[in-house]
Amino acid sequence: MPSLGADMDDGVLVEWDVKPGDRVSRGDIVAVVETQKGAIEIEIFESGTITRLLAAPGDTIAVGAPLAELDGPAATAGETEAAKAAPAPSAKAAAEPAAETLPERPAAPTIETPAVAATAREKTAPAVEAAPAAKAAPAGRVRASPAARQLAAERGIDLAGIQGTGPDGAVVRDDVAGGKAPQPAPGARPAAPTKTAETTGPARRGFDVDEMRKAIAAAMSRSKREIPHYYLSHTIDMRVASGWLDELNAQRPPEERVLIGMLLLKASALALTRFPEFNGRYENEAFAPAPAVHIGMAVAMRGGGLVAPALHDVDRLSLEELMAKARDLVARVRSGRLRSSEFTDAGITVTSLGERGVDTVFGVIYPPQVAIVGFGTVAMRALATENGVDAVPTVCATLAADHRVSDGRRGALFLREIDKLLQVPEAL
Amino acid sequence: MSEEITYREAAGAAIHDAMAADPRVFIMGEDVGHYGGTYAVTKGLLETFGPERVRDTPLSESGFTGAGIGAAMGGMRPIVEIMTVNFSLLALDQIVNNAATLRHMSGGQFNVPVVIRMATGAGRQLAAQHSHSLENWYAHVPGLRVLAPATVQDVYSMLAPALEDPDPVILFEHVMLYNRKGTLDRSAAVDLRSAAIRREGRDITLISYGGSLWKTLEAAALLAEDGIEAEVVDLRVLRPLDADTFLSSVRKTRRAVIVDEGWRTGSLAAEISAQIMEEVFWELDAPVGRVCSAEVPIPYPRHLEEAALPQVPAIIAAARAALGKQGEPA
Amino acid sequence: MTAGKTEATHPRLTRAHCQHLLQQMIRIRRFEEKCAELYTQEKIRGFLHLYIGEEAIAVGVMDALEADDAVLATYREHGHALARGLPMNKVMAEMYGKRDGSSGGRGGSMHIFDAEKRFVGGNAIVGGGLPLAVGLALADRMQGRERVTTCFFGEGAAAEGEFHESMNLATLWKLPVLFVCENNFYAMGTRLDLSESETDIHAKAASYRMPSEAVDGMNIVEVEAAARRAVATVRAGDGPYFLECRTYRFRAHSMFDPQLYRSKDEVKEREKKGPIVRFQGWVLDAGILHQADIDAIEADVAQEIDAAVAFAEASEWEAIETLLDHVGAVP
């Protein structure tokens, strides 16, 4: 049972996703565990074959106790690095949150792979004690750098789910930000492959609403403090798009129908490929355009709170694929089973309050992103058309963008581009 | 305009040029005249400027340092040479209790425009009474400006502004630098406030000064072969510290290792580390590392002396540890 | 003493001069008595080292100096500051730590400075001022100025290395320094013969081939005469001169001193031969001054002290915002 949080003493096994005889690879999800904070997917860090399951769904298992056995080079399934780091705590130790215990010299095992532990000490010149990271973190506490903690707090990300690449496996900022590990210099020998966001560990299921509120507060305050927003709005004639979609959906069973929001998302994604200055991050006083079109989709949580997990490569998905992915994502948001990369990969956010019936939404940019696109309800409104004033379906598209990165003129062109794309829905 | 010259020659040239430019400037210290300077920095000055301005002193560190302070108050611009930082402890009273305090105690009525030069550091097998790095002791004291030129250019160019400084300046010359060659442009000016970025990098900040700078740059070059781009900050001025420079570098790289030949406990490295914690804690991706001298009086035998001092492999190991990379470079 | 003494002193003992000498000593005495009182009222804090009993030295030596000579003193320097001509108001305000003090309040009783009077402090490190005096004199020598730097210190300083280093340097380089040792026979509470193998302090200076002599520091006439001689020698470019003035401190070392190291009788016996009582008695006996003159001096001094206290009381405290001022020219 891995330790997944500073105050986690034990977890209840909810389900096995593997059975004896299954081949598993490093990074596979093998089980789901319910903790005080919600359900968490357990990722395995070894490859091999499951030989025996040591716990059954419903069992309460102390942190550090084995969940399963695995053949092959590594010993016990479920005995992740984190698990090794946390021997089953005694009742006394469990009484106090680990966060408040002082780091001790490792009489207790450390959060290190064995290979790391050996080399770290050997490489340290005896007289110098140079390696700052040779000391163990307190058992049970996630080892994460201050910069990683700061970013995780802003984004409401649980550090326990992230595989660290820093000193002694600590989670560093790039791990949270997602796959932004430094690249080797030109001509340099390739460094060992760094972990990308895709291989990071399980995210927690179920969110702590209070914590999420704090995270939203931090992120939004920072946004309004640091980002000079400018706002544009543009009303889009949706006659063609709505008509086309109605026709499409008419031929389909309900579960295969595509919502109009997908057209808006896809149009936004295609527009972004032509307006890269709205897709990326502003960090260290510089803008870095995103390498792909990952769009954060704002999803309200039941019971309060808000997340904007990323839909990946929206520009390359068909409307059907997009619909499926969005459905899956919303379902997982509601059940609290998000992957950490989904928290961190978005280069822009699209928020739609259409189902709430408002006309216009002016968003607050989610730092370090540089723009947020908002869509109100698609509804019948009076519009001056070629026929005079008609009642036609329209949507109000808005853009809040970072003036440090882009200017209003480009923003206007971007919104117009979305409009143009929506006039040719079959191309979406 | 540039010339290829040793650090020793540059230090001597700086004194020569300062004395030639200003009749108030003179040098005094043990063996600066007839002997030519313990480290031969002042060789030839006696012949040029005579015994009034190249003043051999008795072995009275407190006496002649105090006299330098008094002469500075009396309108001269003395350069006091103390053989090594270890001997400067005999003059600590004059430097700390007088030079550093007189302006303040007198409510700004008196000032002490003295420059006190001394050799520092280990590496010449001079054992435990000639090898220590106590720069930090002086950097602790308000009222002093403390310089540690690491380059030929700096050791030349820092002296003139140090002499113009109306307040006491302590100038440290690391013994291992004297034979090092470098390029000197006599017309180039430096200020006495700023640290220098000696190498740009984005992955980690290595902060050093004086004799350790070159080891740090060597480590940075080796790290680059392994794809790690280290930024190297040369503090140059140990008091007042140019925190802006090293903090903005650490903000960029999120990681720092400080290389300081002083002993770790209570070191300048500790001060810098504390400032990093205070100012950029939330930007860090790793604990601040320190590579300092072992906590031992510097021993005589070469292998022990080397083991006691910050060396390139330890700097590399500390940098790699801060980056979460283990073991030998690939 | 030497044969030159009488001719150097007698011509100067006019009524006006005697009045001046007595007034200076009484000024210092009454000022310090007031300081002791203010100390008990917590107006003056920190250390307070009283000069009471030793006034003849500061007054006698200072009278031999020119305006552009430099003076360095110790932490027992209120008397020297007043004798050197620092305004009593500023000295008192400094005792209070007020903005209008001679060092802006930053020094306190041990660190009175005045650049205009070339009064280079109040140095509270025993022996710490001697190398500075050597350096100031060196600067004068190198710049061709005929100024004298006078450095006061106690006999306790003779045990410090800086004393010996300075003796050597000053003689070696023939520097214009007048060293004045105020030998009150106790370094705080340690009697001279308990701390020195050679109790003739001036003999130590002589061992560096420095002209030196010992005088009765309780006799202002003798002190002034010796000081004039010494200053003339120094100013003539013959190198440094060493004057040991044997004296006695009537008060404790500082306000925190119960004086376990000496008897009350010893102090009483010495007080009878104090510099003021002796000189005052002599000028009255000789008919140079009359009781009315002395009463007038006392009245003048009392008025001056009242004004100084009022000045110090009225002076402002330095603003906290200025805390870091005067650390360096460039903050």
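Worth saying up front: this structure is predicted, and the values here are computed from it rather than measured.

Let's talk about the overall build of chain A
Within chain A, the regular secondary structure consists of 11 helices and 18 strands. Looking at chain A as a whole, 46% of its 428 residues are labelled buried.

Observations regarding the overall build of chain C
Along the backbone of chain C there are 13 helices and 8 strands. Looking at chain C residue by residue over its 331 residues, the buried ones come to 53%. In chain C, of all internal contacts separated by at least 6 residues, the share reaching a separation of at least 24 is 75%.

Considering the sheet that holds strand β7 (residues 68-70) of chain A
Residue and element names in this part refer to chain A. The strand order β2-β5-β7 describes an open sheet built from 3 strands, whose pairing is antiparallel. Both outer strands of the open sheet, β2 (23-24) and β7, are each paired with one neighbouring strand and no more. Relative to strand β5 (residues 48-53), β2 is paired through 2 bridges, and the arrangement is antiparallel. By the bridge assignment for β5, Val 24 is matched with Gly 48.

Section: the nonpolar core
Residues Ile295(A), Leu206(B), Val257(B), Ala319(B) and Leu243(C) are the most contacted members of the largest nonpolar core, which totals 272 residues. One finds Met1(A), Val32(A), Ile40(A) and Ala65(A) within the second-largest nonpolar core, a separate group that totals 19 residues.

Topic: the interface of chain B and chain C
Contacts between the two partners involve 34 residues from chain B, matched on the other side by 33 residues from chain C. Breaking the side of chain B that touches chain C down by element, the ones donating at least two residues are α3 (61-73), α5 (92-99) and α6 (102-105) of chain B. In terms of residue count, α3(B) provides more of the side of chain B that touches chain C than any other element does, 10 residues in total.

A few points about the pairing of strand β15 (residues 348-352) of chain A
All names here are of chain A. The buried fraction of β15 amounts to 5 of the 5 residues, a majority that puts the element mostly inside the structure. Residues Ile 348, Val 350 and Ser 352 line one face of β15 and the alternating positions Thr 349 and Thr 351 line the opposite face, and both faces are buried. Inspection of the sheet shows β15 paired to strand β16 (residues 371-375) by 4 bridges, in the parallel sense. Among the inter-strand pairings, Val 350 is bridged to a residue of β16, identified as Val 373.

Description of the sheet that holds strand β9 (residues 196-199) of chain B
Residue and element names in this part refer to chain B. The strand order β9-β11-β10-β13-β14 describes an open sheet built from 5 strands, whose pairing is mixed. For this open sheet the edge positions go to β9 and β14 (289-293), each flanked by a neighbour on one side alone. Here the average twist between neighbouring strands, direction ignored, is 25°. Pairing geometry for strand β10 (residues 204-208) and strand β13 (residues 256-263), over 3 bridges, is parallel. By the bridge assignment, Ile 207 is partnered in β13 with Ile 258. Where helix α14 (residues 312-322) meets the sheet, it contacts β10, β11 (230-234), β13 and β14, and its direction lies at approximately 165° from that of β14.

Observations concerning the packing of helix α11 (residues 243-253) of chain B against helix α12 (residues 268-280) of chain B
Residues and elements named next belong to chain B. It is the contact of α11 with α12, at a shortest axis distance of 10 Å, that shows an interaxial angle of 60°. Classed by the angle they form, the pair α11 and α12 counts as oblique. Crossing geometry of α11 relative to α12 is assigned as right-handed. Here Ala 243, Phe 246, Leu 247, Val 250 and Arg 251 of α11 lie close against α12, whose contacting residues are Ile 272, Gln 275, Ile 276, Glu 279 and Val 280. Grouping the constituent residues of the contact of α11 with α12 by class yields 7 nonpolar, 1 polar and 2 charged.

Quick word on the packing of helix α6 (residues 129-142) of chain C against helix α7 (residues 161-172) of chain C
Residue and element names in this part refer to chain C. The N-to-C vectors of α6 and α7 enclose an angle of 20°; their axes lie 8 Å apart at closest approach. It follows from the interaxial angle that α6 and α7 lie roughly parallel. As α6 runs across α7, the sense of the crossing is left-handed. Across the interface between the two elements, Leu 130, Pro 131, Val 134 and Ala 137 of α6 pack against Glu 162, Phe 163, Glu 165, Ser 166, Leu 169 and Ala 170 of α7. When its residues are assigned to classes, the contact of α6 with α7 shows 7 nonpolar, 1 polar and 2 charged.

Quick notes on helix α13 (residues 291-314) of chain C
Residues and elements named next belong to chain C. Between its terminal C-alpha atoms α13 stretches 34 Å, which fits the 34 Å expected from 24 residues at 1.5 Å a residue. Among the residues making up α13, those that are buried are Ile 297, Val 301, Ala 308, Val 309 and Ala 312. Its buried side turned inward, α13 meets α2 (15-40) and α5 (88-96).

Observations regarding the confidence of the model for chain C
All names here are of chain C. The share of residues in chain C with pLDDT of 70 or more is 96%, and the mean pLDDT across the chain is 93. Throughout residues 1-11 the model reports pLDDT below 50, and contacts reaching past four residues in sequence, or to other chains, amount to 10 contacts. On the interface metric, ipTM, the complex scores 0.90, and its pTM is 0.66.

Side note on unusual backbone geometry
The step from Pro367(A) to Pro368(A) runs through a cis peptide bond, and the omega angle for that step is 5°. Following the sequence through the fold, Pro368(A) ends up in the loop between β15 and β16. Non-glycine residue Arg118(C) carries a positive phi angle of around 50°. Topologically, Arg118(C) is positioned in the loop between α5 and β2 (119-123). Overall, Arg118(C) belongs to the buried group, with 22 C-beta atoms counted inside 10 Å. With a phi angle near 55°, Gln259(C) is a residue other than glycine that sits in the positive phi range.

Notes on the environment of Glu196(C)
On the secondary structure map, Glu196(C) appears in the loop between α8 (192-195) and α9 (201-207). With 38 residues separating them in the primary sequence, Glu196(C) and Ala158(C) have C-alpha atoms 8.5 Å apart.

Some thoughts on the confidence of the model for chain A
All names here are of chain A. Of all residues in chain A, 72% have pLDDT values of 70 or greater, and the mean over the chain is 75. Per-residue pLDDT, averaged within each element of chain A, yields its smallest value for helix α3 (residues 114-122) (36) and its largest for β16 (95). Long-range and interchain partners of residues 74-139, a stretch whose pLDDT sits below 50, account for 148 contacts in this model, where long-range means more than four residues apart. Predicted confidence is poor over residues 179-205, with pLDDT under 50, and the contacts of this stretch with residues over four places away or in other chains come to 66 contacts.

How each quantity is defined
Residues numbered from 1 in each chain as written. Chains lettered and ligands numbered in written order. Predicted model: local features only at pLDDT ≥ 70, side-chain atom pairs only at ≥ 80, totals over all residues. Helix = DSSP H or I, 4+ residues; strand = E, 2+ residues; numbered from the N terminus. Buried ≥ 20, exposed ≤ 12 C-beta atoms within 10 Å, placed from the backbone. Contact = placed C-beta atoms within 7 Å. Pairing = 2+ DSSP bridges. Core = buried A, V, L, I, M, F, W, Y, C linked by C-beta atoms within 7 Å. Axes fitted to C-alpha atoms, helices over the stretch in contact; angles between N-to-C directions. Parallel < 35°, antiparallel > 145°, perpendicular 65-115°, else oblique. Left-handed = near helix turned anticlockwise from the far one by under 90°. Nonpolar A, V, L, I, M, F, W, Y, C, P; charged D, E, K, R; others polar. Expected span 1.5 Å × (residues − 1). pLDDT = per-residue confidence, 0-100.

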